[in-house]
Amino acid sequence: MLRQKDVFDIRDVETAIVEPNGTLSVLKNPSKLPVTREDLQLRQHTSAIAFPVISEGYIHRDTLTHFHLDEEWLRKQLAEQNIIGLNQVFFASISPSKRLHISLKNPKMHTPPVNH
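Parameters at a glance
Residues numbered from 1 in each chain as written. Predicted model: local features only at pLDDT ≥ 70, side-chain atom pairs only at ≥ 80, totals over all residues. Heavy atoms only, no water. Helix = DSSP H or I, 4+ residues; strand = E, 2+ residues; numbered from the N terminus. Polar contact = N/O pair within 3.5 Å; in protein donor to acceptor, adjacent residues only side chain to side chain. Contact = heavy atoms within 4.5 Å. Pairing = 2+ DSSP bridges. Patch = residues over 30% accessible without salt bridge, like charges linked within 9 Å, V, L, I, M, F, W, Y side chains within 5 Å. Areas by Shrake-Rupley, 256 points an atom, 1.4 Å probe, with all protein chains shown as cover. Salt bridge = Lys/Arg side-chain N within 4 Å of Asp/Glu carboxyl O. Buried < 20%, exposed > 50% of the residue type's maximum accessible area, 1.4 Å probe, protein only. Core = buried A, V, L, I, M, F, W, Y, C linked by side-chain atoms within 4.5 Å.

### Structural notes on the side chain of Asn29
- In this structure, Asn29 sits in the loop between strand E2 (24-28) and strand E3 (51-55).
- In this structure the side chain of Asn29 is engaged in a polar contact, spanning 2.6 Å, whose partner is the backbone oxygen of Arg11.
- Sequence-distant contacts of Asn29, defined by excluding residues within four places in its chain, comprise Arg11, Asp12, Val13 and Glu14.

Right, here's the structure in full:
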């Protein structure tokens, strides 16, 4: 049961308890605990979830409203990527930092923007 808790040396265990349901709870010695980002005083990064903005040509206006954006902003973002019609977009999502990710229905027909 200790091996199932990644303990291979009994000396690494401070306390082990067989619970009423038969499972084992293990508290390792502090020196054997894994290092955390906090221990190393590293800045915490949050995972960002992306929110749908366009699904098969349909605009999710509630998502735009949530981010205090509008359809005009969205169409400008698409135009900057040389995407004229919503019908070209299979799926588009936006991150909390307002970064837009676009998946096209037919990427081969997409012309990338020209850098001047």
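There is more to say after this.
### So, the sheet that holds E3
- Within the open sheet, the four strands sit side by side as E4-E3-E5-E6. Their pairing is antiparallel. Bordering the open sheet on either side are strand E4 (58-59) and strand E6 (100-104), each of which pairs with just one other strand.
- With four bridges connecting them, E3 and strand E5 (residues 89-94) associate as antiparallel partners. Looking across to E5, one finds that Ser55 is bridged to Phe91.

### Here's the deal with a nonpolar patch on the surface
- On the surface, Val35, Leu40 and Leu42 cluster together into a nonpolar patch covering about 290 Å² of accessible area.
- Overall, the relative accessible area of 43% leaves Leu42 in the partly exposed class.

### Observations regarding the environment of Lys28
- By secondary structure assignment, the location of Lys28 is in strand E2.
- The spacing of Lys28 and Arg11 is 17 residues in sequence and 9.0 Å in space, taken between C-alpha atoms.
- With sequence-adjacent residues up to four places away left out, Lys28 is seen in contact with Lys5, Asp6, Val7, Asp12, Val13, Glu14 and Leu33.

### Thoughts on the nonpolar core
- Among the nonpolar cores identified, the biggest contains 15 residues, and Val53, Ile54, Leu74, Leu78 and Val89 are the most heavily contacted of them.
- Of all the secondary structure elements, the ones that give two or more residues to this core are E3, helix H2 (71-80), E5 and E6.

### A word on the pairing of E3
- Sheet analysis places E3 next to E4, joined by two bridges and oriented antiparallel. Within the sheet, the bridge partner assigned to Ile54 lies in E4 and is Ile59.
- The turn joining E3 and E4, which pair antiparallel and follow one another in sequence, is formed by two residues; a positive phi near 45° is taken by Glu56.

### Structural notes on the pattern of salt bridges
- With the rule as written, the count across this model stands at four salt bridges.
- Across the pair Arg11 and Asp9 runs a salt bridge whose closest N-O atoms are separated by 2.7 Å.
- Judged by relative accessible area, which is 65%, Arg11 ranks as exposed.
- Connected via shared salt-bridge partners are Arg61, Glu71 and Arg75.

### Details of unusual backbone geometry
- Notably, Gln41 is not glycine yet its phi reads approximately 55°, a positive angle.
- Mapped onto the secondary structure, Gln41 falls in the loop between E2 and E3.
- Positive phi is not limited to glycine here, since Asn82 has a value of about 60°.
- Considering the arrangement of structural elements, one finds Asn82 in the loop between H2 and E5.

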